[in-house]
Amino acid sequence: MKKILPFLMLIPLLTFFIACGQQEETSNESQPDTKKATVKTTENHDTTFDFEKKSVMLNSGYEMPIIGLGTYSLLEDVAINSVESALASGYRKIDTAKIYGNEKEVGEGIRNSGVPREEIFVTTKLYMTQYAEAEQAIDDALKEFDLDYIDLMLLHHPGDHDVEAYQAMEMAVEEGKLRSIGLSNYYIEELDAFLPKVTIVPALIQNEIHPYYQENPVIDHFKEKGIVMEAWYPLGGRGHTRELFENETIAKIAEDHDRSPAQIILRWHLQKGVVAIPGSSNPDHIAENINIFDFELTDAEMKSINALDRNEKHDWY
Ligand code: NAD
């Protein structure tokens, strides 16, 4: 009995410690970190493209086409006609922005096309001058498009009040006005500083990318966070396309596949896992740019285009 007495005395002590541990667990549960509780985590979100469906699943749970029409500088009837032309050629994704001044025309092109609204993925962007009044700006965009919801809204650039503007977009997601939200012209540093301040991880980031400006470390960084990368200036941008189309490597691959240089460059984007939104008002070019799903670049061809990177940005931001 003497021998087991010390052990018997330990029992109340052990019981006390176990109870304290349980209490701590329970109190953690009853007082959740509210910010964390609503975070839509993207850990393990797979940003791999589905080439059969020509789409990618965003971390928001919405599917998005991997090629779309860019509408920068397309105004009035040109914008309406280009959107109609794209939808007739099989596009289901249109990219615009408040600053392009054509949201109304994009909405009109969509309605004229006869393609059901729910089949079309519409992206727009808030401009920096709208960030302080973002809630109003979101409502204005819906009104301008004359749509019930916007598939994806981005902040166009980092800037004053960008966190508040993003938080207004988060609220608009809760309210069903926006389906997915993201950023544009944010790179690694900007994104890493931004993420701890917001709740919803961006579904997509749209930055300059083309064979002369590839941003490979940025693409990898975003993919690791489950964020889809989208290329603006996928063909190098106005004033630079010819130089890329005439590049020897690209021209040779185009010849070997009996395709245009534009098609080779766009296919390269997709095989890298980067969404492309080439801009054009020319119906032939619009049709050509989406006709890239019946051929494939070899690993060697991908590598030779990857080797063209020269860190050459074609715009300042
Ligand atoms: P782009 O690289 O798509 O090149 C467009 C140019 O290529 C135009 O001159 C067009 O006529 C020509 N082109 C298109 N298809 C062609 C083809 N098959 N053959 C020959 N020429 C062809 O540049 P972009 O349109 O300025 O950029 C794409 C889109 O990205 C824009 O329309 C816009 O929606 C978006 N964008 C976003 C930002 C941003 O800050 N987020 C900045 C610039 C552009």
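In short, a report on the structure. Everything numeric here is computed off the predicted structure, so don't read it as measured data.

Turning our attention to the pattern of salt bridges. Tallied over the entire structure, the rule returns 12 salt bridges. Lys53 is the partner of Glu63 in a salt bridge, and the nearest nitrogen-oxygen pair spans 3.2 Å. Here Lys53 lies in the loop between helix 2 (34-37) and strand 1 (55-57) and Glu63 lies in strand 2 (residues 63-65), a separation of 10 residues in the sequence. A salt bridge links Lys93 to Glu230, with the shortest nitrogen-to-oxygen separation between them at 2.7 Å. In this pair, Lys93 sits in strand 4 (residues 93-95) while Glu230 sits in strand 9 (residues 228-232), placing the two residues 137 residues apart along the sequence. In this structure, Lys93 and Glu230 share a single accessibility class: buried. Among the charged side chains, a salt-bridge network with shared partners connects Asp139, Glu175 and Lys177.

Quick look at the layout of surface pockets now. Roughly 650 Å³ of internal volume is contained in the largest pocket. Lining the largest pocket we find 35 residues, and of these Tyr72, Tyr233, Gly237, Arg238 and Gly279 sit closest to its centre. Elements represented by at least two residues in the lining of the largest pocket include exactly helix 9 (241-245) and helix 12 (283-290). Per element, the largest residue contribution to the lining of the largest pocket is 3 residues, and it comes from helix 12. A class-by-class count of the residues in the lining of the largest pocket yields 15 nonpolar, 15 polar and 5 charged.

Around the ligand, 28 residues are found, and the nearest of them are Asp95, Ser184, Gln206, Leu235 and Arg238. The contact in question runs from an oxygen atom of the ligand to an N or O atom on the side chain of Asp95, over 2.6 Å. In the environment of the ligand, an oxygen atom lies 3.0 Å from a nitrogen or oxygen atom belonging to the side chain of Asn185. Protein chains bury 90% of the 840 Å² of accessible surface belonging to the ligand in isolation. Tallying contributions element by element places helix 12 first for the shell around the ligand, with 3 residues. When the residues that make up the shell around the ligand are grouped by side-chain class, the tally is 11 nonpolar, 13 polar and 4 charged.

Parameters at a glance
- Residues numbered from 1 in each chain as written.
- Predicted model: local features only at pLDDT ≥ 70, side-chain atom pairs only at ≥ 80, totals over all residues.
- Heavy atoms only, no water.
- Salt bridge = Lys/Arg side-chain N within 4 Å of Asp/Glu carboxyl O.
- Helix = DSSP H or I, 4+ residues; strand = E, 2+ residues; numbered from the N terminus.
- Buried < 20%, exposed > 50% of the residue type's maximum accessible area, 1.4 Å probe, protein only.
- 1 Å grid on protein atoms, 1.4 Å probe; cavity = no way out; pocket = protein on both sides within 12 Å on 5 of 7 lines; lining within 4 Å.
- Points joined across faces, edges and corners; volume = space filled by probe spheres on them.
- Nonpolar A, V, L, I, M, F, W, Y, C, P; charged D, E, K, R; others polar.
- Near = heavy atom within 4 Å.
- Polar contact = N/O pair within 3.5 Å; in protein donor to acceptor, adjacent residues only side chain to side chain.
- Areas by Shrake-Rupley, 256 points an atom, 1.4 Å probe, with all protein chains shown as cover.

Read these as spatial facts, not as claims about activity.
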